Amino acid sequence: MALLSIENVCVSYDKVEAVHNVSLSIEAGQIVTVIGPNGAGKTTLMMAIIGLLKSKGRMEYLGQDLARLDVESRVGQGLCLVPEKRELFHDMSVYDNLILGSYSREDRSQVPQDLEGVFERFPRLKERRSQMAGTLSGGERQMLALGRALMSRPKLLMLDEPSLGLAPLIVREIFRTIASLRETGVSILLVEQNARAALETADYGYVIETGEIVQSGPANTLIHDEKLIAAYLGGH
Amino acid sequence: MTPDIAAILGVDGIATGAIYVLVAIGTVLIFTVTRVIFIPFGDIAAFTALTLAALDTGQVPGTIGLLVALACLATLVEVTSLVRKQAYREIPYAFLYYLVIPAAIALVVWLLIPLKPPLPVRLAMALLLILPIAPLLDRIVFRPIADGTVLLLLIVSVALHFALVGLGLLFFGPEGVRTEPLSSFHMEIAGIMLSGQTILIVVAAIVFSALLYLFFDFTLVGKSLRATAINRTGARLMGIRPARAGTVAYLLGSLMAGVSGILIAPVNTIFYDSGFLIGLKAFVGAIIGGLASYPGTAIGAIFVGILESFASFQSSAFKDVIVFSMLIPILIWRSLAALHSEEEVDE
């Protein structure tokens, strides 16, 4: 059974439909990527899955209808979104941001151990644990957003443009981290403009254009698709 | 003005300011978490004083009727919205939180009144009666329009204040009250008389501010409130419900307002409509703090208290005019100070 499956989902802003009849599914433990150009509806789709935007169509997560759950309940059930804007708590310390990531969890006794885990994964955050989140560099902010998300022990982690606005060296580090998360058993839905890096990391990919899925397949097939190479992967 | 008089006015001003500190901090707390400028906060303080006065004389305070009426209304609103959302499983909780708990408080207080309990118990009874009022008003009035603009919320808040003044007249009557001083202690420092009440007011302001600071810095719930104030979307993505954070903010704010009502009742005669000036002056203090900074708010509220004290000595008819006129230079200064923050708007 799929962890998350969505069928014929449409999302509209007022009268403009930004996502039409999108269907996709993610198995437990899989990394699935949605690639496509700017404005194709990728972020809109993420916002609809987490519940920040209203949508039509069917969304099923762990066998239950998502429409009945609000954002906070979805988070409580292990859905977690790292949004494009990160949405960190700028006037709070790195430590407080991470602790708030664990807010929805019941197993409080495991939190210190997970915090250590995040600090091991991102030693830079440990150095800056008492610094305000707003004073961090772009790369550190993305690490903090990822770390904060991991503190919720998500079952499905949704990453919206994790490489956006970061230096190439940091981008490589972020993708290495995403790939290494596979061992923890978390499923990942990765939305990216950086199609090559995303397909190299993912198991399966969807291509979205002007709100519709135009192509899908195993990531290692898509990465060799000539049309895709011409459109998104910059030749070779 | 002699130095002696200035010193007396200063002490008096600090005590008045300390009262405003409590109400102003509650105002800032609620504004940052819910974006509501809760004008009726002064009314909450005044109602606490009226409740305590009734309890002191062994009468049933009007607060009981007010609380039960609001609880019934809030339950009706909540259950209606749950039925509309088809969330039937949550209906029992709605009855528990919005009806059973407030009604239980009202019942316990009502049963305790004939026993003539000692002062500390009466204080606790008054605070218990007052605490649920603001959260219930939030459920009835503000939650249906929670996504509205700050201006809309402010207009509704002002309307709610006038409604509460009317309800105050209905439930408490037009008589003013003054409660017994909480302490008969007196001391003299450098020729200035300090009453126990003055010391108590200042100590209470310091203690409650410190407790709030500890709550924000060391508890997960406190941090979740700060997170909601800083970034609502971010907080929701962590599973923090803004509505629940709002309820906690209203409870804490009501506690601060209730304590200030208890402290001011022996010093000033309180009527059903006395809350407006308390709330408005605390609001001036909160504006000095930019409606965001707690230390700034505390300093602002003390400043308002001292200004009021000296203004009432110079020309008592104009003391309120002088305090509220301060708003104009303060707003000019705040708007100049806030210019640089426009680039942070996207958060």
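Residue positions are given per chain, counting from 1 as you read along its sequence in written order. Chain labels run from A onward and ligand labels from 1 onward, assigned in the order the entries are written. Totals for whole chains, interfaces and linings use every residue, but because this is a predicted model, local features are given only for residues with pLDDT of at least 70 and side-chain atom pairs only at 80 or more, for both listing and counting. Remark: hydrogens and water are excluded; side-chain values derive from all non-hydrogen atoms of the structure.

Observations regarding the interface of chain A and chain B
Accessible area lost on assembly of the parts is the figure often given for the size of an interface.
Stage number 1. In this assembly, 26 residues from chain A lie in contact with 20 residues from chain B.
Stage number 2. Summed over both partners, the accessible area lost on bringing two parts together, with a 1.4 Å probe, is the buried area. Taken together, both faces of the contact between chain A and chain B bury some 2200 Å²; the carbon and sulfur share is 62%.
Stage number 3. Together, A:Glu72, A:Phe89 and A:Tyr103 form the three largest contributors to the area buried by chain A at its contact with chain B, with a combined 30%.
Stage number 4. Counted as salt bridges are all cases of a side-chain nitrogen of Lys or Arg within 4 Å of a carboxyl oxygen of Asp or Glu. On inspection of chain A and its partner chain B, the count reaches 5 salt bridges.
Stage number 5. A salt bridge links B:Lys223 to A:Asp96; its shortest N-O distance comes to 2.9 Å.
Stage number 6. In protein, a polar contact requires one atom able to donate a hydrogen and another able to accept it; more generally it is a pair of N or O atoms within 3.5 Å, and residues adjacent in sequence count only if both atoms are side-chain atoms. Here chain A and chain B share 6 residue pairs in polar contact (both at pLDDT 80 or more) between them.
Stage number 7. Runs of H or I in DSSP of at least four residues are treated as helices and runs of E of at least two as strands, each being numbered from the N terminus. Contributions of two or more residues to the side of chain A that touches chain B are made by helix 2 (71-76) and helix 3 (94-101) of chain A. Contacts between residues were defined by any pair of non-hydrogen atoms, one from each residue, lying within 4.5 Å.

Describing the pairing of strand 7 (residues 156-160) of chain A
Residue and element names in this part refer to chain A.
Stage number 1. Within strand 7, 5 of the 5 residues are buried, which leaves the element mostly enclosed by the surrounding structure.
Stage number 2. Strand pairing is assigned whenever DSSP detects at least two bridges linking the two strands. Bridge count between strand 6 (residues 79-82) and strand 7: 4 bridges; the pairing is parallel. Bridging from a neighbouring strand, Val-82 pairs with Leu-159 of strand 7.
Stage number 3. Whether a crossover is right-handed comes down to one check: with the strands pointing away from the viewer, does the path from the first strand over the helix to the second run clockwise; if it does, it is right-handed. Handedness of the crossover joining strand 7 and strand 8 (residues 187-192) through helix 7 (residues 168-181) is recorded here as right-handed. When accessible area is computed with a 1.4 Å probe and restricted to protein chains, residues below 20% of their type maximum are described as buried, those above 50% as exposed, and intermediate ones as partly exposed.

A few points about helix 13 (residues 294-314) of chain B
Stage number 1. By this rule the span expected of a helix is its residue count minus one, scaled by 1.5 Å. Between the first and last C-alpha of helix 13 of chain B there are 30 Å, a value that for 21 residues agrees with the 30 Å anticipated at 1.5 Å per step.
Stage number 2. Among the residues making up helix 13 of chain B, those that are buried are B:Gly296, B:Thr297, B:Gly300, B:Ala301, B:Val304, B:Gly305, B:Glu308, B:Ser309 and B:Ala311.

Looking at the packing of aromatic side chains
Residues and elements named next belong to chain B.
Stage number 1. Each Phe, Tyr or Trp ring (for Trp, its six-membered ring) is paired with any other whose centre lies within 6.5 Å, and the angle between the two planes then decides the class: stacked below 30 degrees, edge-to-face above 60, tilted in between. Applying the stated criterion across every chain, the model contains 8 aromatic pairs over all chains.
Stage number 2. With 5.1 Å between their ring centres and 75 degrees between their planes, Phe-38 and Tyr-250 make a pair best called edge-to-face. In this pair, Phe-38 sits in the loop between helix 1 (3-34) and helix 2 (41-56) while Tyr-250 sits in helix 11 (residues 242-264), placing the two residues 212 residues apart along the sequence.
Stage number 3. Since its relative accessible area comes to 2%, Phe-38 is described here as buried.

Considerations on helix 6 (residues 138-150) of chain A
Residue and element names in this part refer to chain A.
Stage number 1. With 13 residues, helix 6 ought to run about 18 Å at 1.5 Å a step, and its terminal C-alpha atoms sit 18 Å apart, in line with that.
Stage number 2. Helix 6 sits mainly inside the fold: 11 of its 13 residues count as buried.
Stage number 3. Of all the positions in helix 6, only Gly-139, Glu-140, Gln-142, Met-143, Leu-144, Ala-145, Leu-146, Gly-147, Arg-148, Ala-149 and Leu-150 are classed as buried.
Stage number 4. Summarising the contacts, the buried residues of helix 6 are in contact with strand 6, helix 3, helix 4 (111-121), helix 5 (123-127), strand 7 and helix 7.

Points about the sheet that holds strand 8 of chain A
All names here are of chain A.
Stage number 1. Within the open sheet, the 6 strands sit side by side as 6-7-8-3-9-10. Their pairing is mixed. The strands lining the two open edges of the sheet, one partner per strand, are strand 6 and strand 10 (212-218). Within the sheet, the average angular offset between the axes of one strand and its neighbour, ignoring direction, is 15 degrees.
Stage number 2. Angles run from 0 to 180 degrees between N-to-C directions of axes, and those axes are lines fitted to C-alpha atoms, restricted for helices to the stretch in contact. Each of strand 3 (31-35), strand 6, strand 7, strand 8 and strand 9 (204-209) touches helix 1 (residues 42-50); the most contacted strand, strand 6, lies at about 145 degrees to it.
Stage number 3. Helix-sheet contacts for helix 7 involve strand 3, strand 7 and strand 8, and the interaxial angle to strand 8 is about 155 degrees.

A word on the sheet that holds strand 1 (residues 4-13) of chain A
Residues and elements named next belong to chain A.
Stage number 1. Read from one edge of the open sheet, 4 strands run 2-1-4-5, paired in antiparallel fashion. Of all the strands in the sheet, just strand 2 (16-26) and strand 5 (64-65) have a single pairing partner and so form its edges.
Stage number 2. Sheet topology note: the strand 1/strand 2 ladder contains 7 bridges and is antiparallel. Of the residues in strand 2, the one forming a bridge with Leu-4 is Ile-26.

A short note on the packing of helix 3 of chain A against helix 4 of chain A
Residues and elements named next belong to chain A.
Stage number 1. Packing of helix 3 against helix 4 brings their axes to within 11 Å, and their N-to-C directions diverge by 125 degrees. Relative to helix 4, the element helix 3 is oriented oblique. Taken as a pair, helix 3 and helix 4 cross one another with a handedness that is right-handed. Together, Tyr-95, Leu-98 and Ile-99 of helix 3 and Val-111, Leu-115, Val-118 and Phe-119 of helix 4 make up the contact between the two elements.
Stage number 2. Any residue outside Ala, Val, Leu, Ile, Met, Phe, Trp, Tyr, Cys, Pro, Asp, Glu, Lys and Arg is labelled polar, Gly included; the first ten of those are nonpolar and the last four are charged. When grouped by side-chain class, the residues that make up the contact of helix 3 with helix 4 number 7 nonpolar, no polar and no charged. An angle counts as roughly parallel when it lies under 35 degrees, as roughly antiparallel when it exceeds 145, as roughly perpendicular when it falls between 65 and 115, and as oblique in every other case. In this scheme, a crossing is called left-handed if the near helix is turned counterclockwise away from the far one by less than a right angle; it is called right-handed if the turn is clockwise.

Describing the confidence of the model for chain A
Stage number 1. The pLDDT value expresses, per residue, how confident the predictor is, ranging between 0 and 100. Counting all residues, the mean pLDDT for chain A is 92, and 98% of those residues have values of 70 or more.
Stage number 2. Predicted confidence in chain A is weakest over helix 10 (residues 226-231) of chain A, with a mean pLDDT of 80, and strongest over helix 3 of chain A, with 97.

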